[in-house]
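Listed below, chain by chain, are the residues.
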Amino acid sequence: MTVSSRIAPTPSGYLHIGNGFNFVLTWLYARKQQGKILLRVDDLDKKRVKPEYIEDIFRTLDWLGIDWDEGPFGPDDIEKKWSQHHRLDRYRAALDELTFKDIAFTCALSRKEITAAGGYPESGFLQKLAPNSPKTSLRARTEDKHIQFRDINKKRHRVNLHESMKAFVLRRRDGLPAYQVASLIDDLDFGINTIVRGEDLITSTAAQLWLAEKLERPEFAETKFRHHPLLSNGQGRKLSKSEGAD
């Protein structure tokens, strides 16, 4: 089986060394296996996307000496063909299927209310709202069960989604599909079979494996994963946009 992997930056800020570390690891692994690489720009959140952040992606990849086989080769390509906004129908079809199967439910609780409750309350699962009610999100009806999988390096992971990602978001309150859905559908549609990501995304891997099972897409369970350690600063904090890393 030919390795097919992807590099998936988000243009919501300038890239940092942690991003570069992941890109290099992905590129090295795919090229060592004589595999293919897709460049996927995760630009769903248009409010946070800026032209200078998109330019930074291509400058950074060029500086790192990283090439790819499929995907945009410049900012104009993204707008014309590769933006995730061209694929909204694909994400919505998955959301509709999850709703029809009662895997997704409509939630009116705000993030502030959930935080005040000390986490997602069990009562939230009992809401009876129409799927397209205003100012609502779609959330996953998580189960109290463990999702198990192994890394390429044989390390075993065991994640209980109901404990670690209880009722995670599938569609945001602004109507946009959430990361877990968009990333899964993109990986399925582009035939990605090898994913290199940070160990902070182990729970995301479990969530996407669970969603793929509910969507009856068993091929995603055959995906090879490698969760690498995160780079950190002198204070032990991970280098990420959320932490304000450079």
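The following refers to the structure shown. Predicted, not measured: the structure shown is a model, and the values here were computed from it.

Calculation criteria
Residues numbered from 1 in each chain as written. Predicted model: local features only at pLDDT ≥ 70, side-chain atom pairs only at ≥ 80, totals over all residues. Heavy atoms only, no water. Helix = DSSP H or I, 4+ residues; strand = E, 2+ residues; numbered from the N terminus. Rg over C-alpha atoms; globule rule 2.2 N^0.38 Å. Buried < 20%, exposed > 50% of the residue type's maximum accessible area, 1.4 Å probe, protein only. Pairing = 2+ DSSP bridges. Contact = heavy atoms within 4.5 Å. Axes fitted to C-alpha atoms, helices over the stretch in contact; angles between N-to-C directions. Parallel < 35°, antiparallel > 145°, perpendicular 65-115°, else oblique. Left-handed = near helix turned anticlockwise from the far one by under 90°. Nonpolar A, V, L, I, M, F, W, Y, C, P; charged D, E, K, R; others polar. Expected span 1.5 Å × (residues − 1). Lys, Arg positive; Asp, Glu negative; His and termini not counted. Salt bridge = Lys/Arg side-chain N within 4 Å of Asp/Glu carboxyl O. Polar contact = N/O pair within 3.5 Å; in protein donor to acceptor, adjacent residues only side chain to side chain.

**Quick notes on the overall build of the protein**
When helices and strands are counted, the protein shows eight helices and nine strands. Relative to the globule expectation of 18 Å for 246 residues, the C-alpha radius of gyration of the protein, 18 Å, shows essentially globular dimensions. Referenced to the eigenvectors of the C-alpha coordinate spread, the extents of the protein come out at roughly 50 × 40 × 40 Å. For the protein, the residues scored as buried account for 48% of the 246 residues in total.

**A closer look at the pairing of strand β4 (residues 137-140)**
With burial as the criterion, each face of β4 is covered, one bearing Ser137 and Arg139 and the other bearing Leu138 and Ala140. As paired strands, strand β3 (residues 104-107) and β4 are joined by four bridges and run antiparallel to one another. Residue pairing across strands places Phe105 opposite Arg139, the latter belonging to β4. Pairing analysis gives two bridges linking β4 to strand β7 (residues 169-171), with the strands arranged antiparallel. Bridging from a neighbouring strand, Leu138 pairs with Arg171 of β7.

**Description of the environment of Cys107**
Turning to its location among the elements, Cys107 is positioned in strand β3. Contact partners of Cys107, with chain neighbours within four places excluded, come to Tyr120, Gln127, Leu129, Thr136, Ser137 and Arg139.

**As for the sheet that holds β4**
Pairing within the open sheet is antiparallel, and its three strands lie in the order β3-β4-β7. Each of the sheet's edge strands pairs with one partner strand only, and the pair in question is β3 and β7. Neighbour-to-neighbour, the strand axes of the sheet open up by a mean angle of 45°, direction not taken into account. Sitting on the sheet, helix α4 (residues 88-100) touches β3, β4 and β7, and the angle it makes with β7 is about 120°.

**Points about the packing of α4 against helix α7 (residues 179-189)**
Packing of α4 against α7 leaves a shortest axis separation of 10 Å and a crossing angle of 110°. Of the possible angle classes, the one that applies to α4 and α7 is roughly perpendicular. The handedness of the crossing between α4 and α7 is right-handed. Facing Arg90, Tyr91, Ala94 and Leu95 of α4, the residues of α7 in contact are Val181, Ala182, Ile185, Asp186 and Asp189. In terms of residue class, the contact of α4 with α7 is built from six nonpolar, no polar and three charged.

**Here we look at helix α1 (residues 17-32)**
Side chains three or four residues apart in an α-helix point the same way, a direct result of the helix having 3.6 residues per turn. Along its 16 residues, α1 runs 22 Å from first to last C-alpha, staying within 8% of the 22 Å computed at 1.5 Å per residue. Turning to α1, its buried residues are Gly18, Asn19, Gly20, Asn22, Phe23, Thr26 and Ala30. Turning to α1, the residues buried within the fold contact β1 (4-7), β2 (36-39), α2 (51-64), β8 (194-198) and β9 (224-228). The first or second residue beyond α1 is Gln34, which carries a positive phi of 55°.

**Description of the side chain of Arg139**
Tracing the backbone through its elements, the reader meets Arg139 in strand β4. Among buried Asp, Glu, Lys and Arg side chains, Arg139 stands out as unpaired, with Glu113 the closest opposite charge at 9.0 Å. Of note is the side chain of Arg139, whose polar atom sits 2.7 Å from the backbone oxygen of Ala167. Filtering out sequence-adjacent residues up to four positions away, Arg139 remains in contact with Ile103, Ala104, Phe105, Cys107, Ile114, Tyr120, Ala167, Phe168, Val169 and Leu170.

**Describing the pattern of salt bridges**
Across all of its chains, the model carries 19 salt bridges by this definition. A salt bridge links Glu216 to Lys101, with the nearest nitrogen and oxygen atoms 2.8 Å apart. Here Glu216 is found in the loop between α8 (202-214) and β9, whereas its partner Lys101 is found in the loop between α4 and β3, with 115 residues between them in sequence. Judged by relative accessible area, which is 28%, Lys101 ranks as partly exposed. With its nearest N and O atoms 3.4 Å apart, the salt bridge here joins Arg141 to Asp102. Taken as a pair, Arg141 in the loop between β4 and β5 (146-150) and Asp102 in the loop between α4 and β3 lie far apart in primary sequence, 39 residues in all. What emerges from the salt-bridge pattern is a single network uniting Arg6, Arg40, Asp42, Arg87, Arg90, Asp186, Asp187 and Asp189.

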